[in-house]
2 protein chains.
Amino acid sequence: MEKLLCGVDLGGTKLSVGLIDPAGRIHDKIIVYDHVGKEENMVVEQITRLIMQLIASNGLRESDLQGIGVGFPGHVRYNDGITITTSNLKGFKNFPLRQAVAKNFNIPVLLDNDANAQAWCEYKFGAGRGYDTLIFLTISTGIGAGIILNNKLYRGITGTAGEFGHTIVNSNSKQRCTCGNEGCLMACACGRALPEIFKKKIEEGYKTSLPVPDDFDYSQVDGKFILKGIEMGDPLSISIIDECAENIGIGIYNIFQIFNPPLIILGGGLMHWGEAYLTRVKNKFYQLARDMIFDKIEIVESEAGGDAGLIGAAALLLE
Amino acid sequence: MEKLLCGVDLGGTKLSVGLIDPAGRIHDKIIVYDHVGKEENMVVEQITRLIMQLIASNGLRESDLQGIGVGFPGHVRYNDGITITTSNLKGFKNFPLRQAVAKNFNIPVLLDNDANAQAWCEYKFGAGRGYDTLIFLTISTGIGAGIILNNKLYRGITGTAGEFGHTIVNSNSKQRCTCGNEGCLMACACGRALPEIFKKKIEEGYKTSLPVPDDFDYSQVDGKFILKGIEMGDPLSISIIDECAENIGIGIYNIFQIFNPPLIILGGGLMHWGEAYLTRVKNKFYQLARDMIFDKIEIVESEAGGDAGLIGAAALLLE
């Protein structure tokens, strides 16, 4: 039997550690939430403990594992295994996460960006099976991506390639991204942008059937809130989904012009907005791409689901 | 001695055919302009004749050449050697150009997009020497690009990757590209966009010291015309250069976020706008990229000059 892989998905709210077989199936996993707010070395200790716990409870030894792959929600200096920045966790500024985990084990450890891990999962086990080139875009609180070209992740010199969320699609826009710039794809179409877009539409005079009291705290506007609106047939929510979908449509059109890829996979929490959203994204894409499509391009939903980051992080050991 | 390479740069105004040595030096070349407007097979015949003429006048035989590389100013189906579309030459819609040339010779023939050829020339012999990854952007009548990743041209499934000119950077803009879309980088910053931008600024009330009679034909506004304005200190021309530079700055910022490359090379006719233009492009880039630059990125002018397309087309035989 081939050795199991250990995956760690270090998220902004959830820390998952799992044993994954080489076919991408989860053998066992543990999920905790109390890593949030902890100092870096405490998080490393927690990850170490959870891995050892999983190994023991499955009657294994460390040497039964091929290695440990860690996915991180932020910029990663790939070759050095260092986290550079993140807006999803406290600290981790230039923190040698790979080395810190590796010193507690005698098996290989690698560290990559979580969107790369998810992209790799889709490529190996999900919607990207059978393709050698694809772009994976996750549309969630933020927007991340993984670029797979000729069966390899393309990471750039640092390891931060694929930041489509920070590309500017509307240079006239005043919608501001967490990075400080305006008109980034993220500023126009991700979860974090929803409060501002919602407020803008209220100010523009849009009517909403969602509860918006005078002292309404706009920061509570997220993907789920808007989804509730859609289910109620709320015109403001529908117009937000339309606007976000149009911008994602522009984003994937740009990806298409740059990469001429056979496949773009869309994942992330906002995909729960459903069929109407995806249809709108695709319509915008095809409206822009029209007669410039010379070979079939597929735009599909991710298949790997909520564990894509965990499975992908582990599977990166097979890259 | 290593065999010579034959390059063909089939441009919208100029057809160059040359013998190039493996170090990228031009051994001999012929330039003609009377291919414009000719039917595809006539152009093939002309290319064939010019190659044979070069071979003969240099006392060579066909077998003294490694092969023939053809650069084409439009979309190319790379694997099949077929031209798909071009806005720079009459015809050539789905024309099997590689095969049509190849049937007149007994040596390998390849066909690629002209921006790919130029990028390859920069990589082999120009500003990209010593880099394994770079993006080359040519800012001219249109905007084209070549993507070199890990010492290879990245072409996508069809061969049309790298169309940064068609990426949308200002989705609010009404400036229209030849492709029909609005707000493309090309619509905002290439030579073909200058008449519209010039007209827009006149209508906005900008004063110009350039001659603009009542019956002014805006289609004559091109890079040279604006350059004349700059040399006169014309405020309208300066503001056009600023606006175009800002948009190119956004374009290369997007390239930076997507590819995390060590090098971006800028070439093409509008680079003749000079130092102030390039400085403005770079300033916009650094203003946007700020603290997101984790490894050194160089933004430099192309070195290969006017023969980059010719030399690059030939050098593609060495890829």
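Predicted model, so just to flag it, every value in this text is computed and none were measured. (Residues numbered from 1 in each chain as written. Chains lettered and ligands numbered in written order. Predicted model: local features only at pLDDT ≥ 70, side-chain atom pairs only at ≥ 80, totals over all residues. Heavy atoms only, no water.)

**Q** Quick question: what am I supposed to make of the packing of helix α6 (residues 223-231) of chain A against helix α7 (residues 235-259) of chain A here?
**A** Helix-helix packing is described using two parameters, namely the angle between the two axes and the distance between the axes. Residues and elements named next belong to chain A. Put simply, α6 and α7 touch, their axes get as near as 7 Å, and they point 120 degrees apart. Taken together, the axis directions place α6 and α7 in an arrangement best described as oblique. Crossing of α6 over α7 shows left-handed handedness. Contacts between α6 and α7 involve Ile-226, Gly-229 and Ile-230 on the former and, on the latter, Ser-237, Ile-240 and Ile-241. Taken together, the residues of the contact of α6 with α7 break down into 4 nonpolar, 2 polar and no charged. (Axes fitted to C-alpha atoms, helices over the stretch in contact; angles between N-to-C directions. Helix = DSSP H or I, 4+ residues; strand = E, 2+ residues; numbered from the N terminus. Parallel < 35°, antiparallel > 145°, perpendicular 65-115°, else oblique. Left-handed = near helix turned anticlockwise from the far one by under 90°. Contact = heavy atoms within 4.5 Å. Nonpolar A, V, L, I, M, F, W, Y, C, P; charged D, E, K, R; others polar.)

**Q** Hey, could you run me through the sheet that holds strand β11 (residues 263-267) of chain B in this one?
**A** Residues and elements named next belong to chain B. Taken together, 5 strands build an open sheet; the order of strands is β10-β9-β8-β11-β12 and the sheet is mixed. Each edge of the open sheet is held by one strand with a lone partner, namely β10 (152-153) and β12 (298-301). Where strand β9 (residues 143-149) lies against β10, 2 bridges are found, and the strand directions are antiparallel. The residue of β10 that forms the bridge with Leu-149 is Lys-152. In the packing of helix α8 (residues 275-289) onto the sheet, contacts are made with β8 (134-139), β11 and β12, and the angle to β12 comes to roughly 165 degrees. (Pairing = 2+ DSSP bridges.)

**Q** For this particular structure, what's the right way to read the environment of Leu-316 of chain B?
**A** Residue and element names in this part refer to chain B. With respect to the helices, strands and loops of the structure, Leu-316 is situated in the segment after α9 (308-315). For Leu-316, a relative accessible area of 3% translates into the label buried. Put simply, Leu-316 and Gly-69 are 247 residues apart on the chain and 6.5 Å apart in space, counted from C-alpha to C-alpha. For Leu-316, the residues in contact, after removing those within four places along its chain, are Leu-110, Asp-112, Ala-117, Trp-120, Leu-153 and Arg-155. (Buried < 20%, exposed > 50% of the residue type's maximum accessible area, 1.4 Å probe, protein only.)

**Q** How should the interface of chain B and chain A be read in this particular structure?
**A** By convention, interface size is frequently given as the accessible area that disappears when the constituent parts associate. Contacts between the two partners involve 45 residues from chain B, matched on the other side by 45 residues from chain A. Carbon and sulfur atoms make up 54% of the surface buried where chain B meets chain A, a total of about 3700 Å² over both sides. Across the contact surface, chain B and chain A share 2 salt bridges. At the surface where chain B touches chain A, the tally comes to 40 residue pairs in polar contact (both at pLDDT 80 or more). Among the elements of the structure, β5 (75-77), β6 (82-85), β9, α7 (235-259) and α8 of chain B are those that each provide at least two residues to the side of chain B that touches chain A. Among the elements that make up the side of chain B that touches chain A, the one with the highest residue count is α7 of chain B (7 residues). Residues belonging to the side of chain B that touches chain A are distributed by class as follows: 19 nonpolar, 20 polar and 6 charged. (Buried area = accessible area lost by both parts, 1.4 Å probe. Salt bridge = Lys/Arg side-chain N within 4 Å of Asp/Glu carboxyl O. Polar contact = N/O pair within 3.5 Å; in protein donor to acceptor, adjacent residues only side chain to side chain.)

**Q** What's the story with the sheet that holds strand β8 (residues 134-139) of chain A in this structure? I'm lost.
**A** Hydrogen bonds between backbone atoms are what pair the strands of a sheet, whose relative direction is either parallel or antiparallel. Residue and element names in this part refer to chain A. The sheet built from 5 strands is open, its strands ordered β10-β9-β8-β11-β12 with mixed pairing. Either end of the sheet is taken by a strand with one partner, and the two such strands are β10 (152-153) and β12 (298-301). Sheet strands touched by helix α3 (residues 114-125): β8, β9 (143-149), β10 and β11 (263-267). Its angle to β9, the strand with the most contacts, is close to 50 degrees.

**Q** When you look at the pairing of β6 of chain B in this model, what are you seeing that I'm missing?
**A** Both faces of the sheet carry side chains from a regular strand, because those side chains alternate between them. All names here are of chain B. Where β5 and β6 come together, 3 bridges link them in antiparallel fashion. What sits directly across from Val-76, in β6, is Thr-83. Counted between consecutive antiparallel strands, the loop separating β5 from β6 contains 4 residues, among which Gly-81 sits at a positive phi close to 70 degrees.

**Q** Help me out: how do you make sense of the pattern of salt bridges in this one?
**A** Side chains that differ in charge, positive against negative, can pair when their charged atoms come close. All names here are of chain A. Applying the stated criterion across every chain yields a total of 31 salt bridges over all chains. Taking the shortest distance from any N to any O, the salt bridge between Glu-303 and Arg-129 comes out at 3.8 Å. Of this pair, Glu-303 sits in the loop between β12 and α9 (308-315) while Arg-129 sits in the loop between α3 and β8, and the two are 174 residues apart along the sequence. Its relative accessible area of 53% is what places Glu-303 among the exposed residues. We note a salt bridge from Glu-182 to Arg-176, for which the minimum N-O separation is 2.9 Å. The structure contains a network of salt bridges with shared partners spanning Asp-242, Glu-246, Arg-280 and Lys-284.

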